[in-house]
2 protein chains.
Amino acid sequence: MISTSVADEFRSIVGDAWFLDTPEDLATYSYDGFLPEFMPDAIIVPGSRDEISSILRVANREKINIIPRGAGTNICGSSVARKGGIIIAFHRLNKILEIEPENMCTVVQPGVVNADLQKEVAQYSLMYPPDPASLFVSTIGGNVALNAGGPRGVKYGVTRDYLLGLEVVLPSGEVIKTGGKVLKSVSGYDLTRLMCGSEGTLGIMTEITVRLVPLPPAKATLQAMFSDLDDAAKTVSAIIGSGIVPTTLELIDRVVLDVIANFGGAKFSKEAEALLLIEVDGEASSVEGQGEKIERFCKERGAIEVERASTPEEADSLWQARRTAFGAVASVRPNCIVEDATVPVKRLSEIIRKIVELADKYHLRIGVLAHAGDGNLHPLIMTDLKDKEEMARIDKALDELYEVTIAMGGTLSGEHGIGIAKDRFMSLEFSESAIDIMRGIKKVFDPNNILNPGSFL
Amino acid sequence: MISTSVADEFRSIVGDAWFLDTPEDLATYSYDGFLPEFMPDAIIVPGSRDEISSILRVANREKINIIPRGAGTNICGSSVARKGGIIIAFHRLNKILEIEPENMCTVVQPGVVNADLQKEVAQYSLMYPPDPASLFVSTIGGNVALNAGGPRGVKYGVTRDYLLGLEVVLPSGEVIKTGGKVLKSVSGYDLTRLMCGSEGTLGIMTEITVRLVPLPPAKATLQAMFSDLDDAAKTVSAIIGSGIVPTTLELIDRVVLDVIANFGGAKFSKEAEALLLIEVDGEASSVEGQGEKIERFCKERGAIEVERASTPEEADSLWQARRTAFGAVASVRPNCIVEDATVPVKRLSEIIRKIVELADKYHLRIGVLAHAGDGNLHPLIMTDLKDKEEMARIDKALDELYEVTIAMGGTLSGEHGIGIAKDRFMSLEFSESAIDIMRGIKKVFDPNNILNPGSFL
């Protein structure tokens, strides 16, 4: 609980209108994409870096937890007040400050929505590659805090690969700058990358500089159906081994295809075990050839059906199944848990088989969406969070899944983060010494442990 | 000084043959590419991770400084025993442990020479993009410690962009693993990237996993001469603004061209103020078109001469000037100081003019080589380290250069590191709070400050 005098102090910093503590406000900010609810003590919506600095000075003095939150789309519970405290929301800090085509970079405030930035830079024939599924809602600040990925990751990598510089307010209220508009820098420790994926536990970002790339002039989009999962996995390896770097290489399994068919009426062959959605981009001349080559690879490896889009509209319709997937799966049961196990690409079919096995063993309904091209799987567990018995079975299945994932040389999270969702698995991936180092780093930035203390450490 | 009993302890770990302390050995390891000499107390050449772990346990107990050193090619003095201690050399840990074409990655020991790795992975039609000028000598461990770049950086980025995972021995002797063979991971703080560029101050790497990319099937190489530096700089901007991402975009200024001409007999037009060396790679179809487009850009922007290679031999001869540059410049005076100022690309001609102005003001001979495509300049100061009066003038010129660089939004080092060479400039780029955070991180990893304590912090 925050005392009246401290609440007044916060109000005097941001103005009464931006300090929210009605029951409705608290309820609104009590959950994020991870779903479990934790009531915050208040919400503050700052309008400037200096206000954030003042807020942190007070919070640090009073040892009040502060949880920065973008659009709350993360699905690991990294933007909720697990241990109470104040949520800082960024919807007033939503300006694109600069776009510099000559330097191929842009400077934004953390509350800028990813899709808004995409649209703006496209006017300069530029692209900001990270494209999380949440892009129409999620913010660049949240994307950096979670090191967001997306389907384009196969070719373009993740948020970290585009992050150039940051302005960060430390818990002490002091402001530091890291990196900048330069494309290369090796000057001191890499605090920019350390902030990326730190889930709001080290500092609060107030300005973000990211690199842009030329908007590719052409695309080729293909969809291939396989009656055998191994054939699909072999096709993934063949494409990657051929020297083609696809922009996107998505896999949808039978379970999800069935759900999509029931949901929206799209029809898939009854024999289909897996769908691959493949996109390449670049200059028209090379994209054309790559599209043909990929079509051949699919057919040679047993695809029962291959479609290649010849217009943007056709491409859009091929994306339809992938885009519908989350909505369709979410409609089956009250809740859908989206997992994020990631393995070396060549272990792809192995880990999918393991998931099928776990669904069977624990009587669960689990579908698989995968960014197959980078080994990043999203097992979709259709469930009801209120069903304690089923949730206990899910916990057991996840224990097994992450043990196997790590044993395969994988990681707990490809692009969704650890947060509350997976902190219990950290010791599978990291030794006690490594976790101690992380705890030490946390303490250097945040000695009073006020920043998102509920998160992974 | 190391006591006889401790020296014996080290000998018992690695065997007598791999603990070196004759005056000849000490002299050999007393300097690196930065040149100033600091005599170490001994050199140890370990043969395994476990030996390194044992060495660090003893060193940490006895508070003996340990300085890891690859090939010693770095030019910032980050591999010398500035404050005494033991150099750890890696020439026994020089094995490529795994190459996995299906996962597009390789696992190597730190002592593997960059060019050896390039050659090996080329057999799988793969490429390891970072290509520092030192690549025929320098090691992957050293490349990671300094976050090495190279001419291909414009398109492919730097070492950090290819680093996937590490095995690291901490000063306590404990071993941690970070990252792995997965292409995406957001799991805990990014210790992998934190190690990259940390100049041997945080831990000792014993295994390094890096990402590979398909070897591009085709290249186009062009050389263009300009009688006006601004025309060359405008051409750089035009190429980058056009959506072409060149692999390489190098600039050589008049001073260096003259030195090359005197050294090797290559002839350049008397009016030439700047040479651009431009390379694009990719599929043959797109590379051809890009080459033509670049040739047109150069001519439209006042190039007095453009050559486009049509065979690999011709391409090789166009690279000749760039390759000769360092040797030629080094022959002019007893020493050559290679600086590494980096600015946003659009400030390129401005910073080059500043360098010309400083050379004039302080009566120095300074040529400029630049990775122009990413704003990374290498001012080459031809001098004699023994001439104290001239060195004092150089110090003043560098003070001004780095003040201007930072004021332009630049960084102290694009790809060479800070080390001893530039630690005095750190406060230009970073606030005291940011440096305190770095000191805190150092202390978390290395509480007794035994790892390369002479370096930048």
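Residues numbered from 1 in each chain as written. Chains lettered and ligands numbered in written order. Predicted model: local features only at pLDDT ≥ 70, side-chain atom pairs only at ≥ 80, totals over all residues. Heavy atoms only, no water.

Across its full length, chain A carries 15 helices and 18 strands. In summary, chain A has a C-alpha radius of gyration of 23 Å against a globular reference of 23 Å for 457 residues, a match within 12%. Along the first, second and third principal axes, the C-alpha set of chain A runs to 70 × 60 × 45 Å. For chain A, the proportion of its 457 residues judged to be buried stands at 62%. Put simply, 71% of the contacts in chain A that link residues at least 6 apart link residues at least 24 apart. The positive charge centre, built from 47 side chains, and the negative charge centre, built from 64, are 2 Å apart in chain A. (Helix = DSSP H or I, 4+ residues; strand = E, 2+ residues; numbered from the N terminus. Rg over C-alpha atoms; globule rule 2.2 N^0.38 Å. Buried < 20%, exposed > 50% of the residue type's maximum accessible area, 1.4 Å probe, protein only. Contact = heavy atoms within 4.5 Å. Lys, Arg positive; Asp, Glu negative; His and termini not counted. Charge placed at Lys NZ, Arg CZ, Asp CG, Glu CD.)

The operation relating chain B to chain A is a screw motion whose rotation component is 180 degrees, with 0.0 Å of axial translation and a residual RMSD of 0.0 Å. Taken together, the rotation angle and the small translation identify this as a two-fold axis. A high fraction, 100%, of the interface residues of chain B reappear at the interface in chain A, so the copies pair face to face through one surface. (Least-squares fit on C-alpha atoms with pLDDT ≥ 70 in both.)

Applying the stated criterion across every chain, the model contains 78 salt bridges over all chains. One salt bridge in this structure joins R296 of chain B and E300 of chain B, with 3.8 Å as the shortest N-O distance. Taken together, the residues span about one helical turn, with R296 of chain B and E300 of chain B both in helix α10 (residues 284–300) at a distance of four residues. Among the residues examined, E300 of chain B registers a relative accessible area of 54% and is labelled exposed. A salt bridge links R439 of chain B to D436 of chain B; its shortest N-O distance comes to 3.4 Å. One end of the pair, R439 of chain B, and the other, D436 of chain B, are both in helix α15 (residues 432–445), three residues apart, so they sit about a helical turn from each other. For D436 of chain B, a relative accessible area of 42% translates into the label partly exposed. Connected via shared salt-bridge partners are E98, E100, E102 and K181 of chain A together with K346 of chain B. (Salt bridge = Lys/Arg side-chain N within 4 Å of Asp/Glu carboxyl O.)

Summarising the element assignment, R393 of chain A is placed in helix α13 (residues 388–407). Residues in contact with R393 of chain A, not counting those within four places in the same chain, are Y362, H363 and L364 of chain A.

This paragraph deals with a negative patch on the surface. Residue and element names in this part refer to chain A. Together, E305, E307, E313 and E314 make up a negatively charged patch on the protein surface. Secondary structure elements with two or more residues in the negative patch: β15 (303–308) and α11 (312–330). Looking at the element boundaries, E307 is found in strand β15. (Patch = residues over 30% accessible without salt bridge, like charges linked within 9 Å, V, L, I, M, F, W, Y side chains within 5 Å. Areas by Shrake-Rupley, 256 points an atom, 1.4 Å probe, with all protein chains shown as cover.)

The figure often quoted for interface size is the accessible area lost as the parts come together. Across the boundary between the two partners, chain B contributes 74 residues, which contact 74 residues of chain A. Together chain B and chain A conceal approximately 6,000 Å² of surface at their shared face, both sides included; 62% is due to carbon and sulfur atoms. On the chain B side of the interface with chain A, the three residues burying the most area are K184, V186 and Y189 of chain B, jointly 17% of the side's total. Counting across the chain B and chain A interface gives 10 salt bridges. In this structure, the salt-bridge partner of K184 of chain A is D374 of chain B, at a minimum N-O distance of 3.7 Å. On the surface where chain B and chain A come into contact, there are 20 residue pairs in polar contact (both at pLDDT 80 or more). Mapped onto the side of chain B that touches chain A, the elements with two or more residues apiece are β9 (175–179), α7 (191–195), α10, α14 (426–429) and α15 of chain B. (Buried area = accessible area lost by both parts, 1.4 Å probe. Polar contact = N/O pair within 3.5 Å; in protein donor to acceptor, adjacent residues only side chain to side chain.)

This part takes up unusual backbone geometry. In this structure, M104 of chain A takes a positive phi of about 50 degrees despite not being glycine. Among the secondary structure elements, M104 of chain A is positioned in the loop between β5 (96–100) and β6 (105–108). Here E199 of chain B, not a glycine, exhibits a phi torsion of approximately 55 degrees, which is positive. In this structure, E199 of chain B sits in the loop between α7 and β10 (204–211). Residue E199 of chain B is classed as buried on the basis of its relative accessible area of 2%.

The next thing to look at is the sheet that holds strand β6 (residues 105–108) of chain B. Residue and element names in this part refer to chain B. If you trace the five strands from one edge of the open sheet to the other, you get β5-β6-β10-β8-β9, paired in antiparallel fashion. A strand with exactly one partner marks an edge of an open sheet, and here the two such strands are β5 (96–100) and β9. Across the sheet, the axes of successive neighbouring strands diverge by a mean angle of 10 degrees, strand direction being ignored. For β5 and β6, the ladder comprises four bridges, and the chain directions are antiparallel. When the sheet's bridge partners are listed, I96 is paired in β6 with V108. (Pairing = 2+ DSSP bridges. Axes fitted to C-alpha atoms, helices over the stretch in contact; angles between N-to-C directions.)

Let us now look at the confidence of the model for chain A. For chain A, the average pLDDT comes to 95, and 100% of its residues sit at 70 or higher. With pTM at 0.96, the complex prediction returns an ipTM value of 0.96. (pLDDT = per-residue confidence, 0-100.)

What follows covers the packing of helix α1 (residues 4–14) of chain A against helix α3 (residues 49–62) of chain A. All names here are of chain A. Relative to each other, α1 and α3 sit at 170 degrees, their axes nearing to 9 Å. Taken as axis vectors, α1 and α3 run roughly antiparallel relative to one another. Facing α1, whose interface residues are V6, E9, F10, I13 and V14, α3 presents E51, S54, I55, V58, A59, R61 and E62. (Parallel < 35°, antiparallel > 145°, perpendicular 65-115°, else oblique.)

So, about the packing of aromatic side chains. All names here are of chain B. In the structure shown here, the tally under the stated rule is eight aromatic pairs over all chains. On the basis of an interplanar angle of 80 degrees and a centroid distance of 6.5 Å, the ring pair of Y128 and Y162 is categorised as edge-to-face. A residue pair is termed long-range when its members are at least 10 positions apart, and Y128 in the loop between β7 (126–127) and α5 (140–146) and Y162 in the loop between α6 (153–156) and β8 (163–169) qualify at 34 residues. The exposure class assigned to Y162 is buried, which follows from its relative accessible area of 4%. An angle of 35 degrees between the planes, with centres 5.1 Å apart, marks the rings of Y402 and F425 as tilted. One end of the pair, Y402, is in helix α13 (residues 388–407); the other, F425, is in the loop between α13 and α14, with 23 residues separating them in the sequence. Pair check on accessibility: Y402 and F425 agree, each one buried. (Phe/Tyr/Trp six-rings, centres within 6.5 Å; stacked < 30°, edge-to-face > 60°.)

With that settled, consider a nonpolar patch on the surface. Residue and element names in this part refer to chain B. Residues Y31, L35 and L385 make up a contiguous nonpolar surface patch of roughly 230 Å² in combined accessible area. Inspection of the secondary structure puts L35 in the loop between α2 (23–28) and β2 (42–44). Look at L35 and you get partly exposed, because its relative accessible area is 30%.

All names here are of chain B. Considering the arrangement of structural elements, one finds I66 in strand β3 (residues 66–69). Assessed through its relative accessible area of 0%, I66 is described here as buried. Distance in space between the C-alpha atoms of I66 and A42 is 9.8 Å, their sequence separation being 24 residues. Ignoring anything within four residues of it in the chain, the contact list for I66 reads I55, L56, A59, I86, I88, I204, I450, L451 and N452.

Residue and element names in this part refer to chain B. Tallied over the entire structure, the rule returns zero disulfides over all chains. No disulfide involves C76; its sulfur sits 13 Å from that of C196, the nearest cysteine. A residue is classified by how much of its surface remains accessible, and C76, at 2% relative accessible area, is buried. (Disulfide = S-S within 2.5 Å.)

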